[in-house]
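Here's the letter readout for the chains.
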Amino acid sequence: SSSTVPTELDAVVVGAGFSGLYMLYRLRELGMSARVFEAGDDVGGTWYWNRYPGARCDVESMHYSFSFDPELEQEWEWTEKYPSQPEILAYIRHVAERHDLRRDVVLSTRVTAAHFDEGSRRWTVRTDRGHVVSARYCVLAVGCLSVPKAPEVPGLENFRGSWYHTSQWPEDDVDFSGQRVAVIGTGSSGIQAIPILAERAAELTVFQRTANFCLPTFNGPIDREMVSEIKATYPEVREAGRNSGFGIAIEAPTRSALEVSEDERLRTYEERWNRGNLTGVLQAYTDLLTDQAANDTAADFVRDRIRETVTDPATAEKLLPRGHAFGTKRPCLGTGYYETFNRDDVHLVDLRETPLVEITERGLRTSEREYEFDSIVLATGFDAMTGAFLAIDIRGRDGLTLREKWSQGPVGYLGLGVAGFPNLFTITGPGSPSVLSNMIVSIEQHVDWIAGLLSHLDANGLSTVEASEAAEKEWGEHVRECGEATLYPKTDSWYMGANVPGKPRVFMAYIGGVGVYREKCREVAGNGYEGFVLQGSVAG
Ligand code: NA7
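As the structure is a computational prediction, the values presented were derived from the model and not from experiment.

## Describing the pairing of strand β1 (residues 8–14)
Where a strand is regular, its side chains alternate between the two sheet faces.
Thinking step 1. Within β1, 5 of the 7 residues are buried, leaving the element largely enclosed by the surrounding structure.
Thinking step 2. The sheet contact formed by β1 and strand β6 (residues 132–140) spans 6 bridges and is parallel. Note on β6: the bridge partner recorded for V12 is C138.
Thinking step 3. Strand direction decides the pairing type here: β1 and strand β2 (residues 34–37), joined by 4 bridges, are parallel.

## A few points about helix α8 (residues 262–273)
Thinking step 1. Look at α8: 16 Å from first C-alpha to last across 12 residues, which is about the 16 Å you get at 1.5 Å a residue.
Thinking step 2. The inward-facing, buried residues of α8 abut β10 (214–216) and α9 (292–309).

## A closer look at the environment of I250
Thinking step 1. Within the fold, I250 resides in the loop between α7 (234–242) and α8.
Thinking step 2. A relative accessible area of 22% means that I250 is categorised as partly exposed.

## Considerations on the nonpolar core
Thinking step 1. Core analysis: the biggest nonpolar cluster contains 64 residues, and F18, Y91, L414, W449 and F532 have the highest contact counts within it.
Thinking step 2. The leading source of residues in this core is helix α14 (residues 439–459), at 8 residues.
Thinking step 3. Beyond its immediate chain neighbours, meaning those up to four positions away, F532 contacts Y413, L414, W449, V465, E466, A467, S468 and V524.

## Quick notes on the packing of helix α1 (residues 18–29) against α14
For any two helices packed against each other, the geometry comes down to the angle between their axes and how far apart the axes lie.
Thinking step 1. It is the contact of α1 with α14, at a shortest axis distance of 9 Å, that shows an interaxial angle of 30°. Taken together, the axis directions place α1 and α14 in an arrangement best described as roughly parallel. Remark: the crossing between α1 and α14 carries right-handed chirality. Facing F18, S19, Y22, M23, R26 and L27 of α1, the residues of α14 in contact are I440, I443, E444, V447, D448, I450, A451 and L454.
Thinking step 2. Among the residues making up the contact of α1 with α14, the classes are represented as 10 nonpolar, 1 polar and 3 charged.

## Digging into the pattern of salt bridges
Note on pairing: side chains with opposite charge can pair once their charged atoms come close.
Thinking step 1. Counted under the stated rule, the structure contains 47 salt bridges.
Thinking step 2. A salt bridge links E519 to R522; its shortest N-O distance comes to 2.8 Å. With E519 and R522 both in helix α16 (residues 514–526), this residue pair falls 3 residues apart, about one helical turn.
Thinking step 3. In this structure E519 comes out as partly exposed when scored by relative accessible area, which is 37%.
Thinking step 4. What you see here is one network of salt bridges that share partners, running through R28, R35, D100, R103 and D104.

## Observations concerning the sheet that holds strand β16 (residues 375–378)
Thinking step 1. In spatial order, the strands read β7-β16-β8-β9-β12; together these 5 strands make up an open sheet with parallel pairing. Strands at the two margins of the open sheet, each flanked by one partner only, are β7 (162–165) and β12 (346–350). Put simply, the sheet's adjacent strands are angled 20° from each other on average, direction ignored.
Thinking step 2. As defined by bridge partners, β7 adjoins β16 across 4 bridges and the pair is classed as parallel. Each bridged residue has a counterpart across the sheet, and for H165 the counterpart in β16 is L378.

## What about the site of the ligand?
Thinking step 1. Taken together, 21 residues lie near the ligand, and K149, E152, S189, R209 and T210 sit nearest.
Thinking step 2. Backbone polar atom of T186 to an oxygen atom of the ligand: 2.9 Å apart, as the coordinates give it.
Thinking step 3. Contact between the ligand and S188: an oxygen atom at 2.9 Å from a main-chain N or O atom of the residue.
Thinking step 4. When the ligand sits alone it has 770 Å² of accessible area, and the protein chains cover 88% of it.
Thinking step 5. When grouped by side-chain class, the residues that make up the shell around the ligand number 7 nonpolar, 8 polar and 6 charged.

## As for the packing of aromatic side chains
Thinking step 1. Within this structure, the stated rule accounts for 39 aromatic pairs.
Thinking step 2. Note on F66 and Y91: the rings are 6.4 Å apart at their centroids and 35° apart in plane angle, and the pair reads as tilted. Taken together, the residues span a long stretch of sequence, with F66 in the loop between α2 (46–49) and α3 (70–75) and Y91 in helix α4 (residues 85–98) at a distance of 25 residues. The residues F66 and Y91 share a single accessibility class, namely buried.
Thinking step 3. Through pairs of rings, three or more aromatic residues link up here, namely F18, Y22, Y25, W47, Y64, F66, F68, W76, W78 and Y91.
Thinking step 4. One residue, R305, lies across the ring of F301, its end atom 4.4 Å from the ring centre.
Thinking step 5. Taking NZ or CZ as reference, R369 lies 3.8 Å from the ring centre of Y371, over its face.

## Some words on the environment of W76
Thinking step 1. Secondary-structure assignment places W76 in the loop between α3 and α4.
Thinking step 2. In this structure W76 comes out as buried when scored by relative accessible area, which is 16%.
Thinking step 3. Counting along the chain gives 459 residues from W76 to Q535, while the straight-line C-alpha distance between them is 43 Å.
Thinking step 4. Leave out the neighbours within four places in its chain, and W76 touches E87, A90, Y91, H94 and K231.

The rules behind these values
- Residues numbered from 1 in each chain as written.
- Predicted model: local features only at pLDDT ≥ 70, side-chain atom pairs only at ≥ 80, totals over all residues.
- Heavy atoms only, no water.
- Buried < 20%, exposed > 50% of the residue type's maximum accessible area, 1.4 Å probe, protein only.
- Helix = DSSP H or I, 4+ residues; strand = E, 2+ residues; numbered from the N terminus.
- Pairing = 2+ DSSP bridges.
- Expected span 1.5 Å × (residues − 1).
- Contact = heavy atoms within 4.5 Å.
- Core = buried A, V, L, I, M, F, W, Y, C linked by side-chain atoms within 4.5 Å.
- Axes fitted to C-alpha atoms, helices over the stretch in contact; angles between N-to-C directions.
- Parallel < 35°, antiparallel > 145°, perpendicular 65-115°, else oblique.
- Left-handed = near helix turned anticlockwise from the far one by under 90°.
- Nonpolar A, V, L, I, M, F, W, Y, C, P; charged D, E, K, R; others polar.
- Salt bridge = Lys/Arg side-chain N within 4 Å of Asp/Glu carboxyl O.
- Near = heavy atom within 4 Å.
- Polar contact = N/O pair within 3.5 Å; in protein donor to acceptor, adjacent residues only side chain to side chain.
- Areas by Shrake-Rupley, 256 points an atom, 1.4 Å probe, with all protein chains shown as cover.
- Phe/Tyr/Trp six-rings, centres within 6.5 Å; stacked < 30°, edge-to-face > 60°.
- Lys NZ or Arg CZ within 6 Å of the ring centre and 35° of its normal.

See the structure below:
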């Protein structure tokens with residue numbers, strides 16, 4: 001990557017994960033000068049940082065890749081049904097090299113501030129390595145799950161063993177052999193890591209606050225026949241994904257869970273469970289995410305599977321998710337997760353019964369007792385969706401900070417732009433469907449749409465684009481109403497900001513579906529970027 005960065009650029013992109021790299025590709029196509037600043041020591045974003053044992057994508061390999069390069073999607077060979085972190089990182093690196101993107105990526109460099117200057121209508125972007133760059137456009141490709149969250153209990157600094165957050169795993173991995181290891185957290189990261197840590201450690205103790213719903217991946221070597229079928233029709237497969245609800249086409253449900261017999265329901269759930277994917281069971285009926293009684297039927301089905309799998313009834317009881325509707329906290333995919341609790345060297349501590357009190361020199365203390373460990377693994381999640389934006393000192397018109405603007409929760413138009421912050425774009429921002437979708441489908445749509453807008457500005461001699469307050473407000477209302485029609489807002493989840501103490505509690509995702517959202521974005525563009533204020537050149 002280049003060490004000299006020009007002081008004047010057309011665009012600065014923050015983050016070199018899937019979104020930042022693809023944005024760079026599109027900016028180059030538009031003939032713009034751009035640099036990507038990336039805090040990590042390599043490209044990859046989420047897939048660079050999350051190197052914990054077992055890290056894997058919950059979207060099947062054949063659907064978790066870029067569609068913009070038709071030759072690449074034919075050439076690339078995935079080895080498993082679900083792609084592992086090393087394989088995804090290898091893919092991202094390959095994309096960076098194949099399209100010669102690295103020369104415009106500045107690694108190991110964190111953007112600290114971005115301030116809008118009204119006079120020049122440009123952004124001044126600063127980094128922790130002293131860069132000061134003036135750019136027309138600032139694109140935030142910072143990711144939705146990129147600021148790790150600590151376990152609020154005190155004492156981590158006193159612990160004499162080693163500790164690791166799943167999202168900041170050492171590059172050389174960790175040797176846990178002979179060790180007593182603790183894991184705090186049973187979200188996707190914990191659920192993926194636990195079975196492998198159990199294999200590696202002498203003894204593993206899992207500290208669970210909320211039992212989550214975990215479905216089996218049935219992962220394994222990729223089915224070659226399926227690969228050939230998809231490759232033969234990739235454009236159609238991709239297009240169907242773009243127009244679907246969650247970014248992968250699946251036949252839409254037509255009936256309520258409550259209008260079919262129990263027998264039929266169980267058969268349906270069973271068949272979908274055996275597909276081994278995240279949304280199959282949840283998309284069996286129209287009302288699973290909107291009606292509690294309907295949801296209970298699917299939740300009961302999963303709870304029965306847990307009871308069947310876990311030998312010790314007391315342990316099984318603790319592992320049963322209760323108190324939140326299935327799907328309203330991001331469900332997990334696991335490989336041998338529940339089975340792991342049948343091992344003699346794996347223990348489960350239910351923090352609802354005995355809450356975590358502190359981290360001590362020797363280990364962890366709950367309200368009941370102290371546990372001793374050699375290592376602690378924090379799988380405690382992220383300051384999701386807003387954390388990475390707010391980690392940067394962003395100031396728009398009149399010195400308005402994004403932090404003030406979002407003090408009651410994030411606002412923005414289409415999750416792409418924020419009123420008061422001209423020429424600033426938020427890829428997969430709050431208010432977009434991204435976190436409820438196959439991320440890459442959302443990323444490509446956002447980047448393509450932004451690229452279309454930038455080319456429109458250039459073609460019309462315009463210098464700034466900014467969401468209007470009215471459009472932003474209306475979109476926010478729409479996002480909220482769609483959310484309220486579902487069971488999501490009733491659950492404490494990172495979608496609600498509920499996992500971070502003091503964070504405003506709002507449903508931050510758009511649940512209308514990626515297809516519907518895409519159509520809305522297309523309409524907005526077709527109507528001359530309706531809801532955005534476009535202004536003329538600085539000189540003119
Ligand atoms: P998640 O899904 O936010 O999971 C974090 C887990 O850590 C969850 O079980 C939390 O329990 C638990 N947690 C967090 N803080 C604490 C404290 N202080 N004490 C005890 N337990 C705690 O993060 P992941 O990294 O697993 O997954 C993030 C997303 O990545 C996932 O949703 C997928 O989209 C991919 P809680 O549920 O808050 O009671």
